[in-house]
Amino acid sequence: MALILSVLEQGMIYGILALGVYITYKILDFPDLTVDGSFPFGAALTVRLITMGLPPVVTLPAAFLGGALAGACTGLIHVKLKVRDLLSGIIMMTALYTINLWVAGAGYVAIFNQDTIFENGVVNGVFPGAAGRVKTAAVIFLITLLSKLLLDWYMSTKSGLLLRAVGDNDTIVTSLGVDKGLVKIVGLSIANGLVSLGGCIYAQQQRSFEISIGTGAVVIGLASVIMGTSLFRKVTAPRVTSSVVIGSVLYKGCVALAMFAGIDANAIKLITAVLFLIILVISMDRRKNPGGGLT
Amino acid sequence: MRKSSFSMWKGMTMLELKGIWKNYNPGSVNELCLFQDFNLTVRDGEFVSVVGSNGSGKTSLLNIICGSIEIDRGQILADGTDIGRQKDFLRQRRIGRVYQDPSKGTCSGMTILENMSLADNKGKPYNLGRGVNKAKAGRYREMLRPLNLGLEDKMNVSVGSLSGGQRQALALLMATMTPVDFLILDEHTAALDPRTAETIMGLTDRIVGEKRVTTIMVTHNLRYAVEYGNRLIMMHEGKAILDKSGEEKARVNAEEIMGIFNRISVECGN
Amino acid sequence: MKKKILTAMMTIMAMSAAILGGCGDSGKDVYTIGISQFAVHGSLDNCREGFLAGLAEEGFVEGENLKVDYVNAQADTGTSAMTADNFVTKKVDLICAIATPAAMTAYNSTMDTDIPVIYTAVSDPVEAGLANADGTPVGNITGTSDALAVDAQLQMIREILPDAKKIGIIYTTSEANSISTVAAYEEAAGNYGFEIVTTGVTSLSEVPLAAADMVKKVDCITNLTDNTVVTALQSVLEEAGKANIPVFGSEVEQVKAGCVASMGLEYFELGRQTGKMAAMVLRGEAKASEMEYEIITEPSLYVNYAAAEKLGLELPRRYATDAYQSFEEIIVE
């Protein structure tokens, strides 16, 4: 039971991260490594705000805005300084490592006895007694659902439509009289805002911050996006965001299953990589076919 | 009905290129001086066909007008205002452009409705308002119907699944959905089969005629250059070596142009 | 009056212990423990082996009356958290968490259960939120710390170098453990008549430069368990060798590789000490929630005679008998 809850909780938290990765990888076609820095950035901001005694609810918008700022920096480095996409992300990820240490104040910070979005008067009132076991999962579900719905709504606006266009064919964005660089910056901001929000919730679920939590975050995000979008291939618009979250839960489920089955932990990463490759090849989800149908 | 929807049309603007210099790869062995003091005036409502061999500078000319290539010296005047130093996206608010590659004028991962909604918003802010206005779908459908390509029944079909001709027709429509001062056609029929190319040319002529928009069309097809438009320019090594308009243009025939074209091609050893 | 209260309390404690013991573990034939190790690392592996050895000495032998479920999280906190949740699902009798992140996730997962957590190789349990400032646990969790024995090390350096004034330390600015250890050195140095000179680095490539500059300013260098600096240990030793000043290590591997000596941690010992704590908890003799965390009581002395000879240093004679382990040659792996 605890493990199933754990898979659901972690899966949904990383689901929010995966929504961010979905924007950069699938929509913008931008390999964004900022994620490895913006996920712990959200966590660092969160533990800092909580130890300062601020109400836990504040951490959610704060982490989103913080992550958005980090994403905007990656975008500015790429667009204004004309640094290649991959390198822009690496630069920002590296910078965030130090920033995260500053913000959190140490390589690890515990908030075991502080109020969090899961552990406070209101939530404990709604989930009294035995129901408390599922309160964390319930709160995470609510936030994930809300994030998904907000993203769906945004993607249906004019601004969202333009974001889809810039990844699809950035020439047309220029033709429409819009600065495509600006659209990319906006996209990276929203993406990293979501990633950071994931980090914020993760820190509160784990009741701690640890500097290395971002390591490999982008891989988990990519795996979730690819699993989700390949398994539910015929799905469009709002439902694709759901598939991404489901992909993330499935990914975490696979890890748990491998662990429960007693597979040598040393082999888990290799197995993950192979699994990842197989799904990738089966779904033929490699680069977009350039030019696309010249007939 | 069709006329009234374009009553706000500004249309017909004069375009002047004055003393344009463009040097590629300056200082290197590959240095190529394409334009040296190039001048061109396109008058209100003119439909100019531009032909020329590869490397003659015809596509560069379009890129210079649209701001995709920066010029070294000179002025680009739109109705007297110098837009030569304006960012490409700002300039293109007044320009509609269709490319050779049909995938450049549309978004393949989006539906026809979404593509048209995007194009319809050109010149207005892309804010948090509804991206796709279902109420406008009817109007879009009416715009697609005269194309006779059956696109009006595929509003929710992803553009990536359309044929090249269908996509190019859509691109042309999208480029001229909102009022633009200039229409730039960059070999927009070159990637299509001959029959589809004819259809697209017919559509082009109709749209240009209806909207009387100042148009510059680069083409490889000498027959199209002769048949369509009211001015013909032949480019060679960054210069307009032939420029016929009005009555003169009406008299030229494809054979004559072909003759000149072959002669210059032989001269440069093609 | 006081006496009465005390007696009453003791009676209650004894009763609860009896009840707990009765319904709990003491009747079990086979105990199940989960070991959550954060990463693959020589010291941490030694810790785990020591832990099992400590348990075995107390009569809990793996394969006989002890079932061990071991998971290594491969330095991934997500996996570490899931490992702990998995142990909770399996209702293990005790979780052994090796290294700080493993301890933190284990505590987080067991918070609403009665599964005790025994940690080891946690440098600063107070900072990690696992213990109160006075050393008492914050919950049903206790263990051992691998904080460096700063005082013992300084004392040893004073003994070997009676006239030395300045000790140099190179550390990575992003390693939290290094920063707190540097602070501990700075605080304690005065008591032994030393001054600490520090240089922070951010990457491996900066270590040789920092070392070349450092050796001009100090009488000796002492190492931390700083990952970056330890990786570049050979370049530090080389620069120090040129300047003919000694380098002191912080653990056995460094001494083996050419540091003169160290009052270091023997991670196997640390693990063993932890194993004994775990045994007490399993037997029901003590509760994790009531045991203060422990640091290793006697740091072990390691010396490298070959390294000392190269510098013309004479080591105190008693080291021949006091050293936990001594080396006659420099072994570079």
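Residues numbered from 1 in each chain as written. Chains lettered and ligands numbered in written order. Predicted model: local features only at pLDDT ≥ 70, side-chain atom pairs only at ≥ 80, totals over all residues.

A separate point is the overall build of chain B. Looking only at helices and strands, chain B features nine helices and 10 strands. The C-alpha radius of gyration of chain B comes to 19 Å, within 12% of the 18 Å expected for a compact globule of 270 residues. Viewed in the frame of its principal axes, chain B has a C-alpha envelope of about 55 × 40 × 35 Å. The buried share of chain B, taken over its 270 residues, is 43%. In chain B, once contacts between residues fewer than 6 apart in sequence are set aside, the share between residues at least 24 apart is 71%. (Helix = DSSP H or I, 4+ residues; strand = E, 2+ residues; numbered from the N terminus. Rg over C-alpha atoms; globule rule 2.2 N^0.38 Å. Buried ≥ 20, exposed ≤ 12 C-beta atoms within 10 Å, placed from the backbone. Contact = placed C-beta atoms within 7 Å.)

When you go through chain C residue by residue, the secondary structure sums to 13 helices and 13 strands. Here the C-alpha radius of gyration of chain C, 22 Å, is about what a compact globule of 333 residues would show, namely 20 Å. Once the C-alpha set of chain C is aligned to its principal axes, its extents read approximately 65 × 50 × 35 Å. Looking at chain C residue by residue over its 333 residues, the buried ones come to 49%. Residue pairs at least 24 apart in sequence account for 70% of intrachain contacts in chain C once pairs closer than 6 positions are excluded.

Residue and element names in this part refer to chain C. Here the domain parsing of chain C yields domain 1 (2–147 + 268–295) and domain 2 (150–264 + 300–327). Inter-centroid distance (C-alpha atoms) of domain 1 to domain 2 is 33 Å. Along the lines of polarity and charge, the residues of the side of domain 1 that touches domain 2 split into no nonpolar, three polar and three charged. (Domains from an automatic or database assignment. Nonpolar A, V, L, I, M, F, W, Y, C, P; charged D, E, K, R; others polar.)

The subject of this paragraph is the interface of chain B and chain A. Taken together, the contacts link 33 residues of chain B with 24 residues of chain A. Elements represented by at least two residues in the side of chain B that touches chain A include exactly α2 (88–91) and α3 (112–120) of chain B. No other element matches the four residues that α3 of chain B contributes to the side of chain B that touches chain A. Split into classes, the residues belonging to the side of chain B that touches chain A amount to 10 nonpolar, 15 polar and eight charged.

Pairing between strand β9 (residues 231–236) of chain B and strand β10 (residues 239–245) of chain B: six bridges, direction antiparallel. When the bridges of β10 of chain B are listed, R231 of chain B appears paired with S245 of chain B. (Pairing = 2+ DSSP bridges.)

We now examine the arrangement of the chains. For this structure, the chain pair with the highest number of contacts among two pairs of chains in contact is chains A and B. Chain B shows no contact with chain C. Their nearest C-alpha atoms sit 35 Å apart.

The next point concerns the interface of chain C and chain A. Contacts between the two partners involve 29 residues from chain C, matched on the other side by 30 residues from chain A. Elements represented by at least two residues in the side of chain C that touches chain A include exactly β2 (66–72), α3 (77–89) and α4 (100–110) of chain C. Among the elements that take part in the side of chain C that touches chain A, α3 of chain C stands out by supplying 10 residues, more than any other. Considering only residue class, the side of chain C that touches chain A consists of 12 nonpolar, 13 polar and four charged.

Residues and elements named next belong to chain A. As a packed pair, helix α2 (residues 35–51) and helix α4 (residues 85–104) sit with axes 9 Å apart at the nearest point and diverge in direction by 10°. Taken together, the axes of α2 and α4 lie roughly parallel to each other. Note that α2 runs across α4; the crossing there is left-handed. Contacts from D36, G37, S38, P40, F41, A44, L45, V47 and R48 in α2 reach M92, M93, L96, Y97, I99, N100, V103 and A104 in α4. Its residues assigned to classes, the contact of α2 with α4 comprises 12 nonpolar, three polar and two charged. (Axes fitted to C-alpha atoms, helices over the stretch in contact; angles between N-to-C directions. Parallel < 35°, antiparallel > 145°, perpendicular 65-115°, else oblique. Left-handed = near helix turned anticlockwise from the far one by under 90°.)

This next bit is on the sheet that holds strand β11 (residues 294–295) of chain C. All names here are of chain C. Here we have six strands laid out as an open sheet, ordered β2-β1-β3-β4-β5-β11, and parallel in their pairing. The two strands at the open ends of the sheet, each matched to only one other strand, are β2 and β11. Against the sheet, α4 contacts β1 (31–37), β3 (94–98), β4 (117–122) and β5 (141–145), and its axis sits at roughly 160° relative to β4. In the packing of helix α11 (residues 267–283) onto the sheet, the strands contacted are β1, β3, β4, β5 and β11, and the crossing angle to β4 comes to about 170°.

Attention now moves to unusual backbone geometry. A positive phi is found at N148 of chain B, a non-glycine position, where the angle reads about 60°. Inspection of the secondary structure puts N148 of chain B in the loop between α4 (137–144) and α5 (164–175). N148 of chain B gets classed as exposed once you count the C-beta atoms within 10 Å, which come to 11. At K91 of chain C, a residue that is not glycine, the phi angle is positive and equals roughly 50°. Inspection of the secondary structure assignment puts K91 of chain C in the loop between α3 and β3.

With that settled, consider the sheet that holds β9 of chain B. Residues and elements named next belong to chain B. Spatial ordering of the open sheet is given by β6-β7-β8-β3-β9-β10, a layout of six strands whose pairing is mixed. On the outer flanks of this sheet lie β6 (95–98) and β10, each paired with one strand and no other. Neighbour-to-neighbour, the strand axes of the sheet open up by a mean angle of 15°, direction not taken into account. Packed onto the sheet, α5 meets β6 and β7 (182–186) and runs at close to 175° relative to β6.

The next point concerns the packing of helix α1 (residues 2–27) of chain A against α3 of chain C. Following both chains from N to C, one finds α1 of chain A and α3 of chain C inclined at 155°, their axes separated by 7 Å at the closest point. Taken together, the axes of α1 of chain A and α3 of chain C lie roughly antiparallel to each other. Where α1 of chain A abuts α3 of chain C, its residues A2, L3, S6 and Q10 of chain A lie against G78, A81, M82, D85, N86, V88 and T89 of chain C. When the residues that make up the contact of α1 of chain A with α3 of chain C are grouped by side-chain class, the tally is five nonpolar, five polar and one charged.

One finds A103, V236 and A261 of chain C to be the most contacted residues of the largest nonpolar core, which totals 253 residues. Of all the elements, α1 of chain A adds the most residues to this core, at 15 residues. When residues of this core are assigned to domains, at least three fall in each of domain 1 (2–147 + 268–295) and domain 2 (150–264 + 300–327) of chain C. Once you skip the residues sitting within four places of it in the chain, A261 of chain C turns out to touch M156, I160, F248, V255, L301, Y302, V303, N304 and L315 of chain C. (Core = buried A, V, L, I, M, F, W, Y, C linked by C-beta atoms within 7 Å.)

Since the α-helix turns once every 3.6 residues, residues separated by three or four places project in the same direction. The end-to-end C-alpha separation of helix α6 (residues 176–189) of chain C is 20 Å, in line with the 20 Å expected for 14 residues at 1.5 Å each. For α6 of chain C, the complete set of buried residues consists of A176, N177, S178, I179, T181, V182 and Y185 of chain C. At its buried positions, α6 of chain C is contacted by β1 (108–110) of chain A together with α5 (150–160), β6 (166–172) and β7 (195–201) of chain C. (Expected span 1.5 Å × (residues − 1).)

Another aspect to go through is the environment of I220 of chain A. Among the structural elements, I220 of chain A can be located in helix α10 (residues 217–231). Accessibility expressed as a C-beta count within 10 Å gives 23 for I220 of chain A, which makes it buried.

Quick look at the pairing of β5 of chain C now. All names here are of chain C. Of all five residues in β5, five are buried, a share of seventy percent or more. Note that β4 and β5 share four bridges and pair parallel. Paired with Y119 across the bridge in β5 is G143. Where β5 meets β11, two bridges bridge the pair, whose relative direction is parallel. From the neighbouring strand, S145 faces β11, where its bridge partner is I295.

All right, on to the confidence of the model for chain C then. Residues and elements named next belong to chain C. The predicted model of chain C averages 87 in pLDDT, with 91% of residues at 70 or higher. With pLDDT under 50 throughout, residues 9–26 is counted as low confidence; its partners more than four residues away or in other chains account for 11 contacts. Among the scores for the predicted complex, ipTM is 0.87 and pTM is 0.82. (pLDDT = per-residue confidence, 0-100.)

Moving on: helix α9 (residues 180–206) of chain A. Here α9 of chain A is 27 residues long and its end C-alpha atoms lie 39 Å apart, about the 39 Å a rise of 1.5 Å per residue gives. Most of α9 of chain A is tucked away, with 26 of its 27 residues classed as buried.

Attention now moves to the environment of A240 of chain C. Relative to the assigned elements, A240 of chain C resides in helix α9 (residues 233–242). For A240 of chain C and K216 of chain C, which are 24 residues apart along the polypeptide, the C-alpha to C-alpha distance reads 9.1 Å.

Looking at chain B as a whole, its pLDDT mean stands at 87, while 94% of the residues score no less than 70. Confidence drops under pLDDT 50 across residues 1–11 of chain B; counting only partners more than four residues distant or on other chains, this segment forms nine contacts.

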